[in-house]
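Structure assessment
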Protein chains: 2
Amino acid sequence: MNDAFFDLAGSQRACRWFTADDVSDADVERMLGVATHAPSAENLQPWMFVVVRDAEVRRQVDDLARRHWDGGGRAYAEARLTPSMLHDADAAIVAGHGGAPVLVIVAGDGRDLPRRVLASSVFPAVQNLLLAAAALGYGSALTTIAAVDRAALGAVIALPDGVEPMALVPIGRPARPLGPPRREPVATKAHSDRFGTPFAP
Amino acid sequence: MNDAFFDLAGSQRACRWFTADDVSDADVERMLGVATHAPSAENLQPWMFVVVRDAEVRRQVDDLARRHWDGGGRAYAEARLTPSMLHDADAAIVAGHGGAPVLVIVAGDGRDLPRRVLASSVFPAVQNLLLAAAALGYGSALTTIAAVDRAALGAVIALPDGVEPMALVPIGRPARPLGPPRREPVATKAHSDRFGTPFAP
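Described in the following lines is the structure provided in the data block. (Residues numbered from 1 in each chain as written. Chains lettered and ligands numbered in written order. Predicted model: local features only at pLDDT ≥ 70, side-chain atom pairs only at ≥ 80, totals over all residues.)

Digging into the overall build of chain A
Keep this limit in mind: Secondary structure elements follow DSSP: runs of H or I no shorter than four residues count as helices, runs of E no shorter than two count as strands, and numbering proceeds from the N terminus. In this description the radius of gyration comes from C-alpha coordinates, and the expected globular size is given by 2.2 Å times residues to the power 0.38. For the exposure call, what matters is how many other C-beta atoms sit within 10 Å of a residue's own: 20 or more marks it buried, 12 or fewer exposed, and in between partly exposed, using C-beta atoms placed from the backbone. In this description, any two residues whose backbone-derived C-beta atoms lie within 7 Å of each other are considered to be in contact.
Secondary structure assignment for chain A yields 6 helices and 5 strands. Going from N to C terminus, chain A has its helices and strands arranged as α-α-β-α-α-β-α-β-α-β-β. By the compact-globule yardstick of 17 Å for 201 residues, chain A fits well, its C-alpha radius of gyration being 18 Å. Across its three principal axes, chain A shows a C-alpha extent of roughly 55 × 45 × 35 Å. Looking at the 201 residues of chain A, the share that counts as buried comes to 49%. Residue pairs in contact within chain A that sit at least 24 positions apart in sequence constitute 80% of those at least 6 positions apart.

Things to note about the pairing of strand β2 (residues 102–109) of chain B
All names here are of chain B. The line we're drawing: The pairing criterion is simple: DSSP has to find at least two bridges between the two strands.
Taken across its 8 residues, β2 has 8 buried, putting it largely inside the fold. Burial along β2 is two-sided: Val 102, Val 104, Val 106 and Gly 108 and Leu 103, Ile 105, Ala 107 and Asp 109, pointing in opposite directions, are all buried. Where β2 lies against strand β4 (residues 163–172), 8 bridges are found, and the strand directions are antiparallel. Its bridge partner lying in β4, Ala 107 is registered against Pro 165.

So, the packing of helix α3 (residues 55–78) of chain A against helix α6 (residues 150–157) of chain A
Residue and element names in this part refer to chain A. Just so we agree on the cut-off: To define axes, lines are fitted to C-alpha atoms, for helices over the stretch in contact only, and angles between the resulting N-to-C directions are given on a 0 to 180 degree scale. Between 65 and 115 degrees an angle is taken as roughly perpendicular, under 35 as roughly parallel, over 145 as roughly antiparallel, and anywhere else as oblique. Gly is put with the polar residues, along with every residue not named as nonpolar or charged; the nonpolar set is Ala, Val, Leu, Ile, Met, Phe, Trp, Tyr, Cys and Pro, and the charged set is Asp, Glu, Lys and Arg.
Relative to each other, α3 and α6 sit at 175°, their axes nearing to 10 Å. Relative to α6, the element α3 is oriented roughly antiparallel. Residues Val 57, Gln 60, Val 61 and Leu 64 of α3 form the contact with α6, whose own contacting residues are Ala 152, Leu 153, Val 156 and Ile 157. Split into classes, the residues belonging to the contact of α3 with α6 amount to 7 nonpolar, 1 polar and no charged.

A word on the pairing of strand β1 (residues 47–52) of chain B
In terms of burial, β1(B) is largely enclosed, as 6 of its 6 residues are buried. Going residue by residue along β1(B), you find B:Trp47, B:Phe49 and B:Val51 tucked away on one face and B:Met48, B:Val50 and B:Val52 tucked away on the opposite face as well. Pairing of strand β5 (residues 190–192) of chain A with β1(B) involves 3 bridges; the strand directions are parallel. Looking at the pairing, A:His191 lines up with B:Val50 of β1(B). Taken together, the 6 bridges between β1(B) and β2(B) define a ladder with antiparallel strand orientation. What sits directly across from B:Met48, in β2(B), is B:Ala107.

Things to note about the packing of helix α5 (residues 123–135) of chain A against helix α5 (residues 123–135) of chain B
Convention followed: Crossing chirality is assigned from the near helix's rotation relative to the far helix, an anticlockwise turn below a right angle marking it left-handed and a clockwise turn marking it right-handed.
Between α5(A) and α5(B), the shortest axis-to-axis distance is 8 Å and the interhelical angle comes to 70°. By the angle between their directions, the pair α5(A) and α5(B) is classed as roughly perpendicular. The handedness of the crossing between α5(A) and α5(B) comes out as right-handed. Across the interface between the two elements, A:Phe123, A:Pro124, A:Val126, A:Gln127 and A:Asn128 of α5(A) pack against B:Phe123, B:Pro124, B:Val126, B:Gln127 and B:Asn128 of α5(B).

Section: unusual backbone geometry
Phi is positive for A:Ala158, close to 60°, though the residue is something other than glycine. The residue A:Ala158 is located in the loop between α6 and β4 (163–172) in this model. A:Ala158 sits in the partly exposed class, given 15 other C-beta atoms within 10 Å. Even without a glycine there, the phi angle at B:His97 is positive, about 45°. As for its position among the elements, B:His97 is in the loop between α4 (83–95) and β2.

Some words on the interface of chain B and chain A
Chain B puts 69 residues into the contact, and the matching count from chain A is 69 residues. Every element with two or more residues in the side of chain B that touches chain A is listed here: α1 (2–10), α2 (25–35), β1, α5 and β5 (190–192) of chain B. Grouping the amino acids of the side of chain B that touches chain A by side-chain chemistry returns 41 nonpolar, 15 polar and 13 charged.

Regarding the sheet that holds strand β3 (residues 139–140) of chain A
Spatially, 5 strands are ordered β3(A)-β4(A)-β2(A)-β1(A)-β5(B) in an open sheet, and the strand pairing comes out mixed. On the outer flanks of this sheet lie β3 of chain A together with β5 of chain B, each paired with one strand and no other. Lying on the sheet, α6(A) is in contact with β1 (47–52), β2 (102–109) and β4 of chain A; it crosses β4(A) at an angle near 70°.

Focus on the relation of the copies chain B and chain A
Here is the rule: Least-squares fitting of one copy onto the other uses the C-alpha atoms of those residues that reach a pLDDT of at least 70 in both copies.
Superposition of chain B onto chain A requires a rotation of 180° combined with a translation of 0.0 Å along the rotation axis, giving an RMSD of 0.0 Å. Taken together, the rotation angle and the small translation identify this as a two-fold axis. Both copies share a contact surface, since 100% of the interface residues of chain B are interface residues in chain A too.

Examining α5(B)
All names here are of chain B. We apply this condition: To estimate how far a helix should extend, the number of its residues minus one is multiplied by 1.5 Å.
Given a rise of 1.5 Å per residue, 13 residues ought to cover 18 Å, and the 18 Å separating the end C-alpha atoms of α5 matches this to within 8%. Within α5, 13 of the 13 residues are buried, which leaves it mostly tucked inside the rest of the structure. At the exit of α5 stands Gly 137, carrying a positive phi of roughly 90°.

Describing the nonpolar core
Selection criterion: The term nonpolar core refers to a group of buried residues, namely Ala, Val, Leu, Ile, Met, Phe, Trp, Tyr and Cys, whose C-beta atoms join them within 7 Å.
Ranked by size, the top nonpolar core spans 136 residues in total, and within it A:Val106, A:Val169, B:Val106 and B:Val169 carry the most contacts. Those residues in contact with B:Val169, other than ones at most four positions away along the chain, are B:Val104, B:Val106, B:Val126, B:Leu129, B:Leu130, B:Ser140, B:Ala141 and B:Leu142.

And the structure:
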C-alpha cells in the first residue's frame, strides 16, 4: 500500500487539457466518497460539492473565469508565469476549464464554523478529490479563478449565504500526457526546530 | 493502485494519542517528500516545514496550545463537541499534542503570493503529509490551536514576517487503535449543477 500511495501522490500534476470523454457519475461519486473522508475541524465536514454538467451552468461558470482573466488575471500572470505556463493557463481558461466534461465546485459551509478553520477543513478534501481522480486515471486541477467573484458564482449555482466557493476542479481524461512534476527539494523547504536550521537527515 | 489509495484515504482518522516510539528522520523526510508534491498556485510551492524534536521548543509550542485552550478554547469546545471528543481533545492538549515524538509545523510563505490563494496552496500539502504518515503506519492529526497566536508561535520557531503558521501535525505511533471514520454520506454533501438539486447517480 505504501508504495502505491507514494507513487500516486508523488506524480500528481495539474491537467489543463481534457478530451471530451465522459466521466461517469459512479466515478464522480467514488471520488466524492474519498473527498468526504478528509479531516475537518470538530469533524464538522463543512465541504459541499456542486457537480456541474449542465451546459448553460457550465458556460456561465467558465465565463466567470474568462472575465476575471481578461479583467486583470492575464496581465498579472504575464509578469509571473513562465511563457509555457502562461500559454497553457490562457488557452485552458479561454476554452472553459480546459474543456473538461465535469467541473466540481467545492464550497465550504461557514455558517457553523469559525472562519479561521474553514480553509483547513475544506482543502484536504479537495486534495483527496484530486488524488482520487488520478487513482481512477483521470486528470484534474485545483483552480480558484472563477471563485474570485463570489457573488457572481454564488448566483450561478445558487449558493446560500455563508457557503463559500473555494475551489473549482475540472475532471476528465488528459488530452496530453502529463509530464513529471517540477518541485523544489525537501531540503529547501524543511527546517529543524526553528526556521533557518536545515532539516538534514 | 486504485484500491490501495481508496482504502488509505477512506480510513483516515485523527490520532490524538501517541506512544513514545520514535519516528525516524528518514520517514519524516519521506512524508515531506510527498507533501511537497501537492499542487499550489502558480506552482510556487509556498509550504515550509519546521520539524520539532527539541524538548524546549516543543514545550513552548505545546504551551501555546494549552494557553489558548485554557483561555477560551475549552469553554468554546464544551458547547460544541460530544463529551468523548471533548475529553480526547482536552487530554491531548494538556499532554502536549498527545505526546507525539515529532511535531511538524506547516507554514505558508505569503511573501510572494496573493493571500487569496495561500490556504489553497498549503493545505493540500498538509493532507499529503497526513496520508503519507498513515501509509507508513503512523498516526497524525491536523491541528491549528497553537497557531492562533501567530506572533507567539512565530517567536518560538523564528518564523520570518510574512510566513504564516497554518497547521501543526503531531506524528507518531498510535497509542490506541483508531476507530472507523464517522462521516456524513456523499448524498448529503453533493449537488447537481446548482445547490439544492441532489446529486443522485
